[in-house]
Amino acid sequence: MSHRKLHIGMSLAPTWLSGDGWRRQDSRVEDLLDSDFYVDVARRAEAAHLDFVFRPDTLFLSAAALENGPGFTSMDPTVLLAALSRETSHIGLLSTVSTSFFPPYIVARQIQSLNWLSKGRTGWNIVTALDGNDNFGIETMPSAEERYARAAEFTQIVRHLWQSFPADSIVCDRTGGRYADSRRVQPIDHRGPFFNVKGPLTLPGYDRAPLPLIQAGASPAGRDFAASVADAVFASAPDMQAAIDLRRDLRARAETHGRSADDILVLPGLSLYLAQTRRQAEELFAETHQRTARVKALANLKAMTGLEVTDWPDDRPVTLADLPPLPSQPRSRTHLDLLLRAIERDTPRLGELLKRPELIGSAHWQVIGTVDDAFDTITAWSEADAIDGFVTLPGGSVDCLHRSINELIPRLAQAGHFRKAYGSDTFYGHLKEK
Ligand SMILES: Cc1cc2nc3c(=O)[nH]c(=O)nc-3n(C[C@H](O)[C@H](O)[C@H](O)COP(=O)(O)O)c2cc1C
């Protein structure tokens, strides 16, 4: 196919340890807080010429979930990526920072610091977060509208701070004794509904390439925000039509913001359970999830829709009419809408519904099969203009992680769907490659 090349990222959240994956002998779960664990993954991803490695993040911990696995145990993503910046040379480093809790000055400074350390390989995944307010003295989680209004102001401040100290204001004239042209280093004097920030930032903006902004969250408010600022969107798209609709909508919205449709890339998460045969892949998926999936799916169904189904038989169909009145402020409008869409379209039996990625995962696109199966599905989605690329989320085992990087990606490159070598050494450069 003569289609454009895909943009591919790789999760550094060890998705291959989820469910019971961590219990395998070779999982290295004891090394979860050892930087070498992540250096190994990042170097493999770089050897496959991926656009970026990516660290999602949350700022809360469910202690109860630790009984069954490491769950959301995590280091600060920007600090972790700083350790990787010296161990890699080309791959993009995408950190996640919520706009709901930190002050923008701190975030502008941390992300720009990582950008200097990595020589222009840093990106910021902008999230408005799902939870964690209790850890920041905020009584209830603000509504989605308020969070996105705050995110828009926050992002504008961060961008202005990055411009407040231009790198070329430093003249470094040893003879004349002049370090910088101070007139070009200006306060931003921002006063807004959520923040007052004077500026300038303590360090210059890295000037070799812009710093990519990625956004995750796909309600109408989330899409509009993404369309106004994001270079790429990390999306949940459990089926091809959901991805086609999302991509079409985001591209149209980008144009209403005066941007080009091609300025915004849609990169769904792709959960992969890969093995030598389809049957082994299905076993891998079943082994990984059998202990916890049902309990988790039942709890998620109740939390998202209020539906209590513990006494229902597995073959009972679920329809929209079965659902109690839905919450007006769902925790994530995106995930709720995807689930409702699946119920309306498929009228699934309860047993099938409880296996949906919206309930046991994060509503991501999923391939359970061989490398060939994954290759065929990715090619089909790309040819249908459903995606610009994807974020690889290997599941179940280290073997699946290695198969994804060492077999699937080279296969895509061989077929002309992905680069065979890096054409640039900045994150922005990778995203702009056609
Ligand atoms: C694919 C996807 C990935 C997300 N990743 C994160 C994350 O790593 N950390 C976080 O705090 N929130 C994350 N979120 C939550 C969003 O930032 C947002 O708060 C939430 O989805 C509600 O907004 P929405 O209704 O527009 O989707 C993610 C959401 C989606 C859809």
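Nothing here was measured: the structure is a model prediction, and the numbers come from that model.

Student: Any chance you could break down the site of the ligand for me, citing the residues and the numbers?
Tutor: Within the structure, the ligand sits among 22 residues, and D57, T128, Y148, S219 and T334 are positioned closest to it. In this structure, an oxygen atom belonging to the ligand sits 2.7 Å away from a side-chain N or O atom of Y148. About the coverage of the ligand: the protein hides 93% of its 610 Å² of free accessible area. Looking at the shell around the ligand, the elements with two or more residues in it are α4 (144–164), β10 (232–235) and α9 (333–346). The dominant element in the shell around the ligand, judged by the number of residues it contributes, is α9, at 3 residues.

Student: Talk me through the environment of A281; I want residue IDs and the actual numbers.
Tutor: For A281, the location among the structural elements is in helix α7 (residues 278–289). Between the alpha carbons of A281 and D131 there is a distance of 33 Å; along the sequence they are 150 residues apart. In contact with A281, other than residues within four places in its own chain, are Y273, L274, A275, I368 and G369.

Student: Outline the packing of α4 against helix α5 (residues 220–229), supporting the account with residue identities and numerical values.
Tutor: Look at α4 against α5: their axes get within 10 Å of each other, and the N-to-C directions meet at 15°. Viewed along their axes, α4 and α5 adopt a mutual orientation that is roughly parallel. Judged by the sense of rotation from one axis to the other, the crossing of α4 with α5 is right-handed. Here Y148, A151, A152, T155 and R159 of α4 come into contact with α5, specifically with A221, G222, F225 and V229. Looking at the contact of α4 with α5 residue by residue, the class counts come to 6 nonpolar, 2 polar and 1 charged.

Student: How would you sum up the side chain of T88? Please name residues and give values.
Tutor: Counting through the fold element by element, T88 comes out in the loop between α2 (77–85) and β3 (92–98). A distance of 2.8 Å separates a polar side-chain atom of T88 from the backbone oxygen of L84. When residues no more than four places from it in sequence are discounted, the contact partners of T88 are A42, E46, L93 and R121.

Student: I'd like to hear about the packing of aromatic side chains, residue by residue, with values.
Tutor: Applying the stated criterion across every chain, the model contains 16 aromatic pairs. For the ring pair Y273 and F285, a centre distance of 4.8 Å and an interplane angle of 90° mean the geometry is edge-to-face. A residue pair is termed long-range when its members are at least 10 positions apart, and Y273 in strand β11 (residues 265–274) and F285 in helix α7 qualify at 12 residues. By relative accessible area, Y273 is classed as buried at 4%. Accessibility expressed as a relative area gives 13% for F285, which makes it buried. Ring pairing ties together the aromatic residues W124, F154, W162, F194 and F195, which thus form one cluster. Over the face of the ring belonging to W312 we find R316, whose NZ or CZ atom lies 3.6 Å from the ring centre. Here R411 stacks its cationic end above the ring of F375, 4.1 Å away from the centre of that ring.

Rules used in this analysis
Residues numbered from 1 in each chain as written. Predicted model: local features only at pLDDT ≥ 70, side-chain atom pairs only at ≥ 80, totals over all residues. Heavy atoms only, no water. Near = heavy atom within 4 Å. Polar contact = N/O pair within 3.5 Å; in protein donor to acceptor, adjacent residues only side chain to side chain. Areas by Shrake-Rupley, 256 points an atom, 1.4 Å probe, with all protein chains shown as cover. Helix = DSSP H or I, 4+ residues; strand = E, 2+ residues; numbered from the N terminus. Contact = heavy atoms within 4.5 Å. Axes fitted to C-alpha atoms, helices over the stretch in contact; angles between N-to-C directions. Parallel < 35°, antiparallel > 145°, perpendicular 65-115°, else oblique. Left-handed = near helix turned anticlockwise from the far one by under 90°. Nonpolar A, V, L, I, M, F, W, Y, C, P; charged D, E, K, R; others polar. Phe/Tyr/Trp six-rings, centres within 6.5 Å; stacked < 30°, edge-to-face > 60°. Buried < 20%, exposed > 50% of the residue type's maximum accessible area, 1.4 Å probe, protein only. Lys NZ or Arg CZ within 6 Å of the ring centre and 35° of its normal.

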